[in-house]
Amino acid sequence: MGDKMIDRRAMIGVGGLMGAAGAMPALAQTPAAAGATPWRPAMEEQDAWMDRPGTRHRLVLDTTTIDSGTAAMFYADNFYAQNKAGYGIGPEALGMIIVFRHFSTPFGFNDAMWAKYGATIADKMKMQGEQAIRAIKGNPNLSAPAPAKPTPAAKKGDDEPPVTLAVLAERGARFAVCGIATEGMAAQLARASGGDAKAINAELRANMIPGAVIVPAGIVAVNRAQERGYSFINIVD
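Residues numbered from 1 in each chain as written. Predicted model: local features only at pLDDT ≥ 70, side-chain atom pairs only at ≥ 80, totals over all residues. Heavy atoms only, no water.

## Re the side chain of Asn110
Along the polypeptide, Asn110 turns up in the loop between strand S2 (94–100) and helix H3 (111–124). A polar side-chain atom of Asn110 sits 3.2 Å from the main-chain amide nitrogen of Ala112. Beyond its immediate chain neighbours, meaning those up to four positions away, Asn110 contacts Asn139, Leu142, Asn207, Met208 and Ile209. (Helix = DSSP H or I, 4+ residues; strand = E, 2+ residues; numbered from the N terminus. Polar contact = N/O pair within 3.5 Å; in protein donor to acceptor, adjacent residues only side chain to side chain. Contact = heavy atoms within 4.5 Å.)

What follows is the structure, encoded as structure tokens:
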């Protein structure tokens, strides 16, 4: 009796294993194994501006604060400079996108908008010091500020332009400006000035810095840039 029981159990065990083994190929029949095409992101027409022809390397910098929006300029400048110094690769072969969203969004608008709304922007963004002073005259990161006093004659090697958004734009950098944040910014400016939010939103969109593109949302631009081959860095300064 005992031997028969052992034999029966052994047969059941073997049969179970054989049944499992027989089922395994069916379980492992994944879409990839079946020859299905791997997933690829769709290339939306609205994002075609990201495809700068001839680029060998691409980088997107994501910013959400005043400080990170400012720091991104220097990271971008370093990317250009060290690709040139270390690899002999000029800016024409580099794709660079800086995303301005959330609190860094105002950097996407030109001097005229800052001269008109800079005091409110500086207050809302809690800008301080020289940056706050410059904010009421124009975009503090767009171009170099006028010197407070005459500077000595430039020495040899001192002819490098200061790091500004305008200089980066000349090198080919593009700026993705958050549309949702722009709408919210227009609403804040309207409340502060007694103006019309829709009109201010349209005004902001018509007065962007060189190289800037309004996108539906900054986070969408972060996604689309990576799908188009841009390496991603979140600036947290």
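## Side note on the sheet that holds strand S3 (residues 174–178)
The strand order S4-S3-S2-S1-S5 describes an open sheet built from five strands, whose pairing is parallel. The strands lining the two open edges of the sheet, one partner per strand, are strand S4 (212–215) and strand S5 (231–234). Here the average twist between neighbouring strands, direction ignored, is 25°. On top of the sheet, helix H6 (residues 179–193) reaches S3 and S4; it is set at about 55° to S3, its chief contact. (Pairing = 2+ DSSP bridges. Axes fitted to C-alpha atoms, helices over the stretch in contact; angles between N-to-C directions.)

## Some words on helix H7 (residues 197–205)
Among all positions of H7, only Ile200, Asn201, Glu203 and Leu204 are buried. Along H7, the residues classed as buried sweep out an arc of 160° about the axis, all on the same side. In the core, the buried residues of H7 are packed alongside H3 and H6. Measuring from the backbone nitrogen of Lys198 back to the side-chain oxygen at the start of H7 gives 3.3 Å, which picks out Asp196 as the cap. (Buried < 20%, exposed > 50% of the residue type's maximum accessible area, 1.4 Å probe, protein only. Arc of directions from axis to C-beta.)

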